[in-house]
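An overview of the molecular structure
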Amino acid sequence: MIYLDHAATAPVRREVLEAMTPYLTSVFGNPSSHHTVGESAASALEDARSRVARVLGMRTGDIVFTAGGTEANNLAVKGIVLAALTQGRRHLVVSPIEHESILESAEYLRRFHGVEVSRVAVDPRGRIDSESLRHALRDDTALVALGHANNEIGTVQDLPGLIAVAHGASVPVHVDAVQSAGWLSLAGSGADAIAIAGHKLGTPKGIGALGVRGRVPMEALLHGGGQERGRRSGTENVAGAVGLATALELAEAEREAIAARVGAATQRFIGAVRTLVPDAELTGDPRDRLPGTASFTFAGVSGEAVLLELERRGVVSSSGSACAAGSDEPSHVLLACGIDPRVAQTSVRFTFGRETLADDAPERLASLVADSVRSVGDM
């Protein structure tokens, strides 16, 4: 099996499991307990917090451990906007290509708290224009929430430029970095809040983090024992936090070398697919994109049927976000980029990971894609 769905989840790294094991066995204490067993767990938790903070370019106290990226995005969007309501700020800005955890959080705030939500349009490549963002900002804007890199088409936003526009209007920015963490640098972005998810980096599922700078007021969504400095109650997942810190550090240390290698292989794959399947259209920005992401539409064929043919040939990929799997609706990301709904339903996404590929792998994979598209077209 050739696994090309790393944007959905990545294999657990051996080094991460080894780092986690002591905190699943011998150092099993509750970090809130005031005895030696609990204090050992608390020490490991705070060490993991400081390690995550270093990679994100934040202070140790800025890091809130969560159960994953969806919770981190919910906490940032709802928590920051709810806190801003007390100051009369009730306007939120997002783009139409964001992950559902941002869009649904925005919809919740609109329905139940009367928050006005503006969606900044994107161009056909999925890029947010800084001038469009500038025009969307208002005196009562509480937050701009946007993805660093899109999970379906891989387009990377001009983060420094967009953040500069928002900060020029004294508006904080939350960045969904679930897809970009490990591929792109996050330190020095100037973001006021950053969400990451461990399972994209090689941890087991169930751990994530939100970095939110201390100057940004944020309401808690989970209430109880006051853990995570009162911002996220619930007994912390110490083993998960250690695993996340380990995975993030490993990814950061390897980032430039792996991004270059995987990016080159992905570009060869894209070129070969376009040669073998003339009707294939690459979606997203052709240059400013995640190194390992290649998403195509194949006009006239069913994307789901192509996926089945690929899996029959030993290649596992997807039609887009795993969070929207099973939906018959065309991708909201592709629709926002102006792609016809019928064409959007032909989309197939290939996302490569850090594993080393054989020298001829990109071309061989492209050949399997072409064979699968032809098989579906002949049905």
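Here we summarise the structure given alongside this text.

1. Structural notes on the packing of helix H7 (residues 238-276) against helix H11 (residues 361-377)
- Between H7 and H11, the shortest axis-to-axis distance is 8 Å and the interhelical angle comes to 35°. Between H7 and H11 lies a crossing of right-handed hand. Along the contact surface, H7 presents Ala265, Arg268, Phe269, Ala272, Val273 and Leu276, while H11 presents Pro362, Glu363, Leu365, Ala366, Ser367, Val369, Ala370 and Arg374.
- Its residues assigned to classes, the contact of H7 with H11 comprises 10 nonpolar, 1 polar and 3 charged.

2. Details of the sheet that holds strand E12 (residues 347-351)
- Overall, antiparallel pairing links the 3 strands, which are arranged E9-E10-E12 in an open sheet. Where the open sheet ends on each side, the last strands, each with one partner, are strand E9 (280-282) and E12. Along the sheet, successive strands turn relative to each other by an average axial angle of 30°, direction set aside.
- With 3 bridges connecting them, E9 and strand E10 (residues 293-298) associate as antiparallel partners. Across the sheet, leucine 282 pairs through a bridge with phenylalanine 296, a residue of E10.
- The strands touched by H7 are E9, E10 and E12; relative to E10, the strand with the most contacts, the crossing angle is about 15°.

3. Some thoughts on the sheet that holds strand E5 (residues 141-147)
- As summarised here, the arrangement of the 7 strands in space is E2-E8-E7-E6-E5-E3-E4, forming an open sheet in which the pairing is mixed. Each edge of the sheet is formed by a strand with only one pairing partner; in this case those strands are strand E2 (63-66) and strand E4 (116-119). Across the sheet, the mean angle from the axis of one strand to that of its neighbour is 20°, orientation sign disregarded.
- Relative to strand E7 (residues 193-197), strand E6 (residues 173-176) runs parallel, the two being bridged by 3 bridges. By the bridge assignment, valine 175 is partnered in E7 with isoleucine 194.
- In the packing of helix H4 (residues 100-113) onto the sheet, contacts are made with strand E3 (91-94), E4, E5 and E6, and the angle to E3 comes to roughly 160°.

Conventions adopted
- Residues numbered from 1 in each chain as written.
- Predicted model: local features only at pLDDT ≥ 70, side-chain atom pairs only at ≥ 80, totals over all residues.
- Heavy atoms only, no water.
- Axes fitted to C-alpha atoms, helices over the stretch in contact; angles between N-to-C directions.
- Helix = DSSP H or I, 4+ residues; strand = E, 2+ residues; numbered from the N terminus.
- Left-handed = near helix turned anticlockwise from the far one by under 90°.
- Contact = heavy atoms within 4.5 Å.
- Nonpolar A, V, L, I, M, F, W, Y, C, P; charged D, E, K, R; others polar.
- Pairing = 2+ DSSP bridges.

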